[in-house]
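Residues per chain, in single letters:
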Amino acid sequence: LGWNPPVQSWIDRREVQSEKANLIILFERYIPPILDCLRIRFKKITPITESSMIQMLCYLLEVLLTPENTPPDCPKEWYEIYFVFAAVWAFGGAMFQDQLVDYRVEFSKWWVNDFKTIKFPSQGTVFDYYLDNETKKFVPWTERVPKFEFDPEMPLQAVMVHTAETTRIRFFLDLLMDKTRPVMLVGNAGTGKTVLVGDKFASMDEDYMVTTIPFNNYTTSAMLQAVMEKPLEKKAGRNYGPPGTKKLIYFIDDMNMPEVDTYGTVQPHTLLRQHLDYQHWYDRAKLTLKEV
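Residues numbered from 1 in each chain as written. Predicted model: local features only at pLDDT ≥ 70, side-chain atom pairs only at ≥ 80, totals over all residues. Heavy atoms only, no water.

## So, the side chain of K44
Then, in step 1: Position of K44 among the secondary structure elements: in the loop between α2 (17-40) and α3 (50-64).
Then, in step 2: Nearest to the buried, unbridged K44 among oppositely charged side chains is E50, at 9.3 Å.
Then, in step 3: Of the polar contacts made by the side chain of K44, one reaches the backbone oxygen of F91; its length is 3.3 Å.
Then, in step 4: When residues no more than four places from it in sequence are discounted, the contact partners of K44 are L38, M53, F91, A94, M95 and F96. (Helix = DSSP H or I, 4+ residues; strand = E, 2+ residues; numbered from the N terminus. Buried < 20%, exposed > 50% of the residue type's maximum accessible area, 1.4 Å probe, protein only. Lys, Arg positive; Asp, Glu negative; His and termini not counted. Salt bridge = Lys/Arg side-chain N within 4 Å of Asp/Glu carboxyl O. Polar contact = N/O pair within 3.5 Å; in protein donor to acceptor, adjacent residues only side chain to side chain. Contact = heavy atoms within 4.5 Å.)

And the structure:
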């Protein structure tokens, strides 16, 4: 089927007519050459299917194309500049870096040479800049890094010193979590993924509750389901949800730990996949549906 049907159905759900027309043109112009190139070049940190990258692009456009950023009567260049920013991160955000070659830099050179309509600043890579909503210009991430203030009361290992990289991740984390989109951080051990997420949770208000689920080699889907059901309460009919009007966040640590079975599937991952796709799972005793 290719990438067209999901994109088309996503565009149909958008409300502004001028935005729809511009998005169709932009998808047609950018997506085919990007996908052709990604099939033969560039290595990613983890294998990602084309449909996942397209879905990520739609999620990013969803959080960036707000009425504040692109009002209905805005010039069509604004749509393109947001589209380019979202596409760079949707397709290039997971590029692999090692001692020999940095695929982020390679991707950046290729992008700047191939797509010249929207110009990036010449210093650094396309990943070094974010889009300022006021001026619609690319500004270095370093300008967003919060000033470090040392708190003598805090133990040293709990102190978070922000850099351009953590600021970038936090920026997308904030945008996607506000729209209840799932986010996965991938990286080697000790790169600060858990610390970064912990810092985000610490800054959230009382409306949110967090359930931490550490995976290990012996985690099964039944164990995961039991842990995920614990904070939920029965609402109306077969609906379940967090207590009161709170919003619940599941924080899953060490996602790669559970055992891969004979058929190449990972039980806990399939349960998560089912919930992300259909917002439900089954009661294991009564075999009835539970909408979560």
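## Things to note about the packing of helix α1 (residues 4-13) against α2
Then, in step 1: Put simply, α1 and α2 touch, their axes get as near as 10 Å, and they point 160° apart. Of the possible angle classes, the one that applies to α1 and α2 is roughly antiparallel. Helix-helix and strand crossings are classified by hand; for α1 and α2 the assignment is right-handed. Side by side, α1 and α2 meet where N4, V7, Q8, W10, I11 and D12 of the first sit next to K20, L23, I24, F27 and E28 of the second. (Axes fitted to C-alpha atoms, helices over the stretch in contact; angles between N-to-C directions. Parallel < 35°, antiparallel > 145°, perpendicular 65-115°, else oblique. Left-handed = near helix turned anticlockwise from the far one by under 90°.)

## Structural notes on the layout of surface pockets
Then, in step 1: Considered as a void within the structure, the second largest pocket measures approximately 280 Å³ in volume.
Then, in step 2: Lining of the second largest pocket is provided by 13 residues; of these, R14, E15, E19, L65 and P67 occupy positions nearest its centre.
Then, in step 3: Here the lining of the second largest pocket is built from residues that sort into five nonpolar, two polar and six charged. (1 Å grid on protein atoms, 1.4 Å probe; cavity = no way out; pocket = protein on both sides within 12 Å on 5 of 7 lines; lining within 4 Å. Points joined across faces, edges and corners; volume = space filled by probe spheres on them. Nonpolar A, V, L, I, M, F, W, Y, C, P; charged D, E, K, R; others polar.)

## A closer look at the pattern of salt bridges
Then, in step 1: The final tally for this structure, using the stated rule, is 16 salt bridges.
Then, in step 2: D174 is the partner of K200 in a salt bridge, and the nearest nitrogen-oxygen pair spans 2.8 Å. Of this pair, K200 sits in helix α7 (residues 193-202) while D174 is found in helix α6 (residues 164-178), placing the two residues 26 residues apart along the sequence.
Then, in step 3: What makes K200 buried here is its relative accessible area of 7%.

## Structural notes on the environment of K246
Then, in step 1: Looking at where K246 falls in the secondary structure, it is placed in the loop between β5 (240-241) and β6 (247-253).
Then, in step 2: Residue K246 is classed as partly exposed on the basis of its relative accessible area, which comes to 38%.
Then, in step 3: Excluding its chain neighbours within four sequence positions, the residues that come into contact with K246 are E206, D207 and M209.

## With respect to the nonpolar core
Then, in step 1: Residues F27, L57, F83, F85, F91 and W111 are the most contacted members of the largest nonpolar core, which totals 56 residues.
Then, in step 2: Breaking this core down by element, the ones donating at least two residues are α1, α2, α3, α4 (76-92), α5 (103-114), β1 (129-131), β2 (138-140) and α6.
Then, in step 3: For this core, the element with the most residues is α4, which contributes twelve residues.
Then, in step 4: Excluding residues within four positions of it along the chain, F27 makes contact with W3, V7, W10, I11, P32, L57, C58, L61 and F83. (Core = buried A, V, L, I, M, F, W, Y, C linked by side-chain atoms within 4.5 Å.)

## A look at the packing of aromatic side chains
Then, in step 1: In total, this model carries 26 aromatic pairs according to the counting rule given.
Then, in step 2: With a centroid separation of 5.7 Å and 50° between ring planes, the pair formed by F107 and W110 is classed as tilted. Taken together, the positions of F107 and W110, both in helix α5 and three residues apart, correspond to about one turn of that helix.
Then, in step 3: Accessibility expressed as a relative area gives 0% for F107, which makes it buried.
Then, in step 4: Their ring planes at 75° and their centres at 5.6 Å tell us that F201 and F251 sit as a pair that is edge-to-face. Within this pair, whereas F201 is found in helix α7, its partner F251 is found in strand β6, the two being separated by 50 residues in sequence.
Then, in step 5: Residue class for F251 comes out buried when judged on its relative accessible area of 13%.
Then, in step 6: The cationic tip of K136 hangs over the ring face of W78; the distance from NZ or CZ to the ring centre is 4.5 Å.
Then, in step 7: Note that R144 overlies the ring of Y130, its terminal NZ or CZ placed 5.1 Å from the centroid. (Phe/Tyr/Trp six-rings, centres within 6.5 Å; stacked < 30°, edge-to-face > 60°. Lys NZ or Arg CZ within 6 Å of the ring centre and 35° of its normal.)

## Remarks on α2
Then, in step 1: The end-to-end C-alpha distance of α2 is 36 Å, a good match for the 34 Å that 24 residues give at a rise of 1.5 Å each.
Then, in step 2: The sharpest bend along α2 measures roughly 30° and falls at I31, with the proline P32 sitting one to four residues further on.
Then, in step 3: All of the buried residues along α2 are E19, K20, N22, L23, L26, F27, Y30, I31, I34, L35, C37 and L38.
Then, in step 4: Those residues of α2 hidden inside the fold are in contact with α1, α3, α4 and α5.
Then, in step 5: Just downstream of α2 lies F42, where phi reads positive at about 70°. (Expected span 1.5 Å × (residues − 1). Bend = angle between axes of the 7 residues up to and from the residue.)

## Focus: the environment of T66
Then, in step 1: By the secondary structure assignment, T66 is in the loop between α3 and α4.
Then, in step 2: For T66, a relative accessible area of 16% gives the class buried.
Then, in step 3: Each C-alpha atom, one on T66 and one on P243, is 30 Å from the other, the two residues being 177 residues apart in sequence.

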